[in-house]
Amino acid sequence: MGRFIIRRLLLAIPTLLAISFIIFAILDLAPGDPTGNLPLTIPPEVREQMREALGYNDPFLVRYVKWVQQFFISEPVNLLETMLNNRFGSPENPITIGNSEERVRILSWATRSPVMDIIAERIPQTLWVVGLAYILSILIAIPIGVISAYKQYSIFDQVGSLISTIGFSIPTFFTGLLFIIVFSVNLQWFPSVYNTVHEVTDWESFVVQLKQIVMPVTVLAFFQAAQLNRFTRSAMLDNLNLDYVRTARSKGLSERAVVLVHVLRNSLIPVITLIALGIPGIFGGAIITEQIFRVNGLGQLLITAIQGADYPLVQTLTFMFAVLIVMFNLIADVLYGILDPRIRYD
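Parameters and conventions
Residues numbered from 1 in each chain as written. Predicted model: local features only at pLDDT ≥ 70, side-chain atom pairs only at ≥ 80, totals over all residues. Heavy atoms only, no water. Axes fitted to C-alpha atoms, helices over the stretch in contact; angles between N-to-C directions. Helix = DSSP H or I, 4+ residues; strand = E, 2+ residues; numbered from the N terminus. Parallel < 35°, antiparallel > 145°, perpendicular 65-115°, else oblique. Left-handed = near helix turned anticlockwise from the far one by under 90°. Contact = heavy atoms within 4.5 Å. Expected span 1.5 Å × (residues − 1). Bend = angle between axes of the 7 residues up to and from the residue. Buried < 20%, exposed > 50% of the residue type's maximum accessible area, 1.4 Å probe, protein only. Arc of directions from axis to C-beta. Salt bridge = Lys/Arg side-chain N within 4 Å of Asp/Glu carboxyl O. Polar contact = N/O pair within 3.5 Å; in protein donor to acceptor, adjacent residues only side chain to side chain. Patch = residues over 30% accessible without salt bridge, like charges linked within 9 Å, V, L, I, M, F, W, Y side chains within 5 Å. Areas by Shrake-Rupley, 256 points an atom, 1.4 Å probe, with all protein chains shown as cover. Core = buried A, V, L, I, M, F, W, Y, C linked by side-chain atoms within 4.5 Å. Phe/Tyr/Trp six-rings, centres within 6.5 Å; stacked < 30°, edge-to-face > 60°.

A.B. asks: What's the story with the packing of helix 6 (residues 172–186) against helix 7 (residues 203–240) in this structure? I'm lost.
C.D. replies: Helix packing geometry: the angle between the two helix axes and the distance between the axes. Look at helix 6 against helix 7: their axes get within 10 Å of each other, and the N-to-C directions meet at 140°. With respect to helix 7, the element helix 6 is oriented oblique. The way helix 6 lies across helix 7 gives a crossing that is right-handed. Residue-level contacts link Thr172, Thr175, Gly176, Phe179, Ile180, Phe183 and Ser184 of helix 6 to Met215, Thr218, Val219 and Phe223 of helix 7.

What follows is the structure in structure tokens.
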């Protein structure tokens, strides 16, 4: 297993470099300029100075190498420096790694601030809404899928399959708008807009936070749980009638042990793939749902960056999602070997 992980990590390096080059090249070909959103009253020579300061006039390969260096070296070093200062440093004696003043970071064309700082501000909102919805969907979908497969063609299975089909078929923008009309406009139970600046300081503010995340979390959890439930039920049905299940029952094992220990463990392999590949989507944010409920998460940030032609921000966000996908692919492969002893990588 250890050699397999090392091989996959070494293979991930050229994979990520190729992905980064493709992302950078595609966005470099797109029309856009660092000074495109500035007022027309700014003189051309000032615009040219700004392009030069941002490195926009450098050759393509030079800009790409600088961006890779900033992403893999400057930003991680700055993150480590910030963490050390938060824990051990002080304003009088800050901890520095190298020459922090000369360290060049990835800057947003729109705000002229470091891209990673902008992303760090949006991550908590995304984790509150999208992350909570994903966890809730897993906790709901897997038990329902297991029971539906074990009680195939029962009333529970038919109702569960019907709800899963509806949840998987209806897009989130329709469900979101429907929830807003019913629960915000007509019943006025929950707010229709997510208040990003709200802070949880006491019980009352915690209740307010719960009320404003109920609808976006429910919309996302309903859609994701429907998909996971279908996969779990299908995988369970594939394993319930196999020979090893009959052997386990003939040994006198209880039905609970047969289903939960033997069948569920082997059935989780395809489900783990779906869950692992869906986790990067948490950090990417549910773009449509975030737009509907005005959640200022990473998905909404990506849409804003694309609309404003803020290509450094788009490049960094897109590549971060690619890194997460490669990483969780590796995690899914490792979990295969843990769930199924027949799988060996060495």
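Let us keep going from here.
A.B. asks: What's the story with the environment of Leu298 in this structure? I'm lost.
C.D. replies: By the element assignment, Leu298 lies in helix 11 (residues 298–307). A sequence separation of 173 residues divides Leu298 from Gln125, and the C-alpha atoms of the two residues are 8.2 Å apart.

A.B. asks: Quick question: what am I supposed to make of helix 4 (residues 115–150) here?
C.D. replies: Residue pairs three or four apart in sequence face the same way in an α-helix, which turns once every 3.6 residues. A rise of 1.5 Å per residue sets the reference length of helix 4, with its 36 residues, at 52 Å; its end C-alpha atoms lie 49 Å apart and thus fit the reference within 8%. Along helix 4, the helix axis deviates most sharply at Leu127, where the bend reaches about 40°.

A.B. asks: Whenever I open this one, helix 5 (residues 155–169) confuses me. Can you help?
C.D. replies: Its 15 residues give helix 5 an end-to-end C-alpha distance of 21 Å, which sits within 8% of 21 Å, the value for a rise of 1.5 Å per residue. Buried residues of helix 5: Asp157, Gly160, Ser164 and Gly167, and no others. Taken around the axis of helix 5, the buried residues stretch over an arc of 100°, which confines them to a single face. Residues of helix 5 that are exposed and angled more than 90 degrees away from the buried face: Ile155, Leu162 and Ser169.

A.B. asks: In this structure, what is going on with unusual backbone geometry? I would like to understand it.
C.D. replies: Trans is the common state for peptide bonds, and a negative phi is the common state for residues other than glycine. The phi dihedral of Tyr153 is positive, around 70°, even though this residue is not glycine. Mapped onto the fold, Tyr153 is located in the loop between helix 4 and helix 5. Relative accessible area serves as the criterion here: at 62%, Tyr153 is assigned to the exposed category. For Gln188, which is not glycine, the phi torsion reads 55° and is therefore positive. Tracing the chain through its elements places Gln188 in the loop between helix 6 and helix 7.

A.B. asks: What is the right way to read the pattern of salt bridges from this model?
C.D. replies: Here the idea is simple: oppositely charged side chains can pair when their charged atoms come close. Using the criterion set out here, one finds three salt bridges in the structure. Of the charged contacts in the structure, one is a salt bridge between Arg63 and Asp28, with a shortest N-O distance of 2.6 Å. Within this pair, whereas Arg63 is found in helix 3 (residues 60–87), its partner Asp28 is found in helix 1 (residues 2–29), the two being separated by 35 residues in sequence. Arg63 sits in the buried class, given a relative accessible area of 17%. Where Arg246 meets Asp243, a salt bridge forms, and the shortest distance between an N and an O atom there is 2.2 Å. Of this pair, Arg246 and Asp243 both sit in helix 8 (residues 243–250), three residues apart, roughly one helical turn.

A.B. asks: Help me out: how do you make sense of the side chain of Asp157 in this one?
C.D. replies: Tracing the sequence through the fold places Asp157 in helix 5. There is a polar contact of 2.8 Å between the side chain of Asp157 and the backbone nitrogen of Tyr153. With near-sequence residues (within four places) excluded, Asp157 lies in contact with Ser148, Lys151, Gln152 and Arg233.

A.B. asks: Sorry, what's going on with a nonpolar patch on the surface here?
C.D. replies: A contiguous nonpolar patch, built from Ile6, Leu10, Ile13, Leu17, Phe72 and Ile73 and spanning about 570 Å² of accessible area, is present on the exposed surface. Per-element tally for the nonpolar patch: the top contributor is helix 1, with four residues. Mapped onto the secondary structure, Leu17 falls in helix 1.

A.B. asks: Just checking my understanding: could you explain the nonpolar core for this structure?
C.D. replies: Within soluble globular proteins, side chains that are nonpolar tend to cluster in buried spots. Residues Trp67, Ile119, Leu301, Leu313, Leu317 and Phe319 are the most contacted members of the largest nonpolar core, which totals 28 residues. Counting residues per element, the ones that place at least two in this core are helix 1, helix 3, helix 4, helix 11 and helix 12 (311–339). Among the elements that line this core, the one with the most residues is helix 12, at eight residues. Beyond its immediate stretch of four places on either side in the chain, Trp67 contacts Ser20, Phe24, Ile106, Gln315, Thr316 and Phe319. Among the nonpolar cores identified, the runner-up in size contains 25 residues, and Val263, Ile272, Ala276 and Leu324 belong to it.

A.B. asks: Which parts of the structure should I look at to understand the packing of aromatic side chains?
C.D. replies: Two numbers describe a pair of aromatic rings. These are the distance of the centres and the angle of the planes. The final tally for this structure, using the stated rule, is 15 aromatic pairs. Ring plane angle 55° and centroid distance 5.6 Å describe the contact between Phe24 and Phe60, whose orientation is recorded as tilted. Taken together, the residues span a long stretch of sequence, with Phe24 in helix 1 and Phe60 in helix 3 at a distance of 36 residues. Owing to a relative accessible area of 23%, Phe60 belongs among the partly exposed residues under this scheme. Grouping aromatic residues by their ring pairs yields a cluster made of Phe21, Phe24, Phe60, Tyr64, Trp67, Phe71, Phe72 and Phe319.

A.B. asks: How do you make sense of the environment of Ile275 when you look at a structure like this?
C.D. replies: Locating Ile275 in the fold gives a position in helix 9 (residues 255–284). On the basis of relative accessible area, Ile275 is assigned to the buried category, the value being 11%. Separated by 144 residues in sequence, Ile275 and Gly131 place their C-alpha atoms 12 Å apart. Contact partners of Ile275, with chain neighbours within four places excluded, come to Tyr134, Ile138, Ile142 and Leu228.

A.B. asks: When you look at the side chain of Ser20 in this model, what are you seeing that I'm missing?
C.D. replies: Residue placement: Ser20 occurs in helix 1. Judged by its relative accessible area of 0%, Ser20 falls in the buried class. Residues in contact with Ser20, not counting those within four places in the same chain, are Tyr64, Trp67, Val68 and Phe319.

Such coordinate-based values are descriptive only and should not be taken to indicate function.
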